[in-house]
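# What the coordinates show
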Amino acid sequence: MRDTFNRIVGRTRYVVFRLFLHLGGGEVAPILGVLNSAGRDAIDANGDLEVLGEALVEISQTLLQYDEYWFSAANEGDVFWDEGEAGDYVNELFTDSAQRYLSEPDYRSDSELNEPLSIPVTRNVIVMLTVAYEGEVADLETDLSNVQALKEGLKALINLHYKHRFKAIQVHFSPAQLGDELTSDQLLQYYPELIPL
């Protein structure tokens, strides 16, 4: 009823959406390269939404290519009719995602080059995508805990970029640094909302 009234009076509908996707297996490490590259591009762009959107498209396409490694997922979100309230919720989700285990990348260029190279194979990767957009997208405003719905949701994110409807884009991932490992126990402890696909 409230949604109908707000549409009639011409108010803008804002949706804030967060997706968790867990990929597992010995072949998921290349995804970290795509995620780190997108992170560096985002920092260099100082939050330019066009650049962030292009990075989100690349990440979504990569995730779609790696669908055989999808293990579990979860999504959440809310609808707002006030841009300020939507922005507050984006900030809340950003803070939560950033505080998750092993989700803080280190993009400093002063890494120690004299360290011996012995890196464990990453077997678990969590990708957290948070977006705010205008309008209504049925493929995102549903339960994405099955493979087909998740594929449609990722495609919808790509389409939102090309329709220029994003208001905010944030990407977090774990492990965020080369050499860190995310164990099965840590997955259960720090990402309890995940539902097996």
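Residues numbered from 1 in each chain as written. Predicted model: local features only at pLDDT ≥ 70, side-chain atom pairs only at ≥ 80, totals over all residues. Heavy atoms only, no water.

For the chain, the name recorded in an unreviewed UniProt entry is DUF1517 domain-containing protein, with Nostoc cf. commune SO-36 as its organism.

### A short note on the side chain of R13
Selection rule: Helix and strand labels come from DSSP, where a helix needs a run of H or I of at least four residues and a strand needs a run of E of at least two; each type is numbered from the N terminus. Each residue gets one of three labels from its accessible area relative to the maximum for its type: buried under 20%, exposed over 50%, partly exposed in between, using a 1.4 Å probe on protein chains only. Two N or O atoms form a polar contact when they lie within 3.5 Å of each other; inside protein one atom must be a possible hydrogen donor and the other a possible acceptor, and for residues adjacent in sequence the pair counts only when both atoms belong to side chains.
Along the chain, R13 turns up in the loop between α1 (2-8) and β1 (14-24). Overall, the relative accessible area of 9% leaves R13 in the buried class. Only 2.9 Å separates the side chain of R13 from the side chain of E141, close enough to count as a polar contact.

### Brief notes about the packing of helix α3 (residues 49-65) against helix α5 (residues 147-162)
Our working definition: To get an axis, fit a line to the C-alpha atoms, keeping to the stretch in contact for a helix; angles then go from 0 to 180 degrees between the N-to-C directions. Convention used here: angles under 35 degrees read as roughly parallel, angles over 145 as roughly antiparallel, angles from 65 to 115 as roughly perpendicular, and any remaining angle as oblique. In this scheme, a crossing is called left-handed if the near helix is turned counterclockwise away from the far one by less than a right angle; it is called right-handed if the turn is clockwise. Throughout, a contact is declared for two residues whenever any of their heavy atoms are within 4.5 Å. Any residue that is not Ala, Val, Leu, Ile, Met, Phe, Trp, Tyr, Cys, Pro, Asp, Glu, Lys or Arg is counted as polar, Gly included; the first ten are nonpolar and the last four charged.
Running from N to C, α3 and α5 point in directions that differ by 155 degrees, and their axes come no closer than 9 Å. When the axes of α3 and α5 are compared, the pair comes out roughly antiparallel. Remark: the crossing between α3 and α5 carries left-handed chirality. Here E50, G53, E54, L56, V57, S60, Q61, L63 and L64 of α3 lie close against α5, whose contacting residues are K151, L154, K155, L157, I158, H161 and Y162. Taken together, the residues of the contact of α3 with α5 sort by class into eight nonpolar, four polar and four charged.

### So, the pattern of salt bridges
Condition: Within this document, salt bridges are pairs made up of a side-chain nitrogen of Lys or Arg and a carboxyl oxygen of Asp or Glu, the two lying within 4 Å of each other.
Taken as a whole and judged by the stated rule, the model has nine salt bridges. Close ionic contact of D67 with K151 constitutes a salt bridge, the shortest N to O distance being 2.9 Å. In this pair, D67 sits in the loop between α3 and β2 (70-80) while K151 sits in helix α5, placing the two residues 84 residues apart along the sequence. You can call K151 partly exposed: its relative accessible area is 22%. Bridged by salt links that share partners, the residues R18, E76, D96, R100 and E193 form one connected network.

### Quick look at the nonpolar core
Just so we agree on the cut-off: By nonpolar core we mean a set of buried residues, namely Ala, Val, Leu, Ile, Met, Phe, Trp, Tyr and Cys, connected to one another through side-chain atoms within 4.5 Å.
In this structure, L23, L129, Y133 and L157 are the most contacted members of the largest nonpolar core, which totals 41 residues. Elements with a minimum of two residues in this core: β1, α2 (29-44), α3, β2, β3 (124-134), α5 and β4 (166-174). Formed by nine residues, the second largest nonpolar core is a distinct cluster that contains Y89, V90, A132 and A168.

### Things to note about the packing of aromatic side chains
Given two aromatic rings, their pairing is described by the distance between the two centres and the angle made by the two planes. What counts here: Classification of ring pairs rests on two measures: the distance between centres of Phe, Tyr or Trp rings, Trp counted by its six-membered ring, which must be within 6.5 Å, and the angle between planes, read as stacked under 30 degrees, edge-to-face over 60 and tilted in between.
Overall, the coordinates contain two aromatic pairs when judged by the stated rule. When the centroid spacing of 5.9 Å and the interplanar angle of 40 degrees are considered together, the rings of Y66 and Y69 count as tilted. Among the residues examined, Y66 registers a relative accessible area of 18% and is labelled buried. A centroid spacing of 5.6 Å and a plane angle of 50 degrees characterise the contact between F80 and Y89, whose relative ring orientation is tilted. For F80, a relative accessible area of 11% translates into the label buried.

### Re the confidence of the model for the chain
Worth spelling out the cut-off: pLDDT: the predictor's confidence for each residue, scored from 0 to 100.
Per-residue confidence for the chain averages 87 on the pLDDT scale, and 84% of its residues sit at or above 70. Model confidence for the chain, summarised as mean pLDDT per element, is weakest for α1 at 55 and strongest for α5 at 97. Here residues 109-113 is modelled with pLDDT under 50, and outside its nearest four sequence neighbours on either side it reaches zero contacts, counting other chains as well.

### Quick look at the environment of K155
If you trace the backbone, K155 turns up in helix α5. Judged by its relative accessible area of 40%, K155 falls in the partly exposed class. Taking the C-alpha atoms as reference points, K155 and Q61, 94 residues apart in sequence, are found 8.1 Å from one another.

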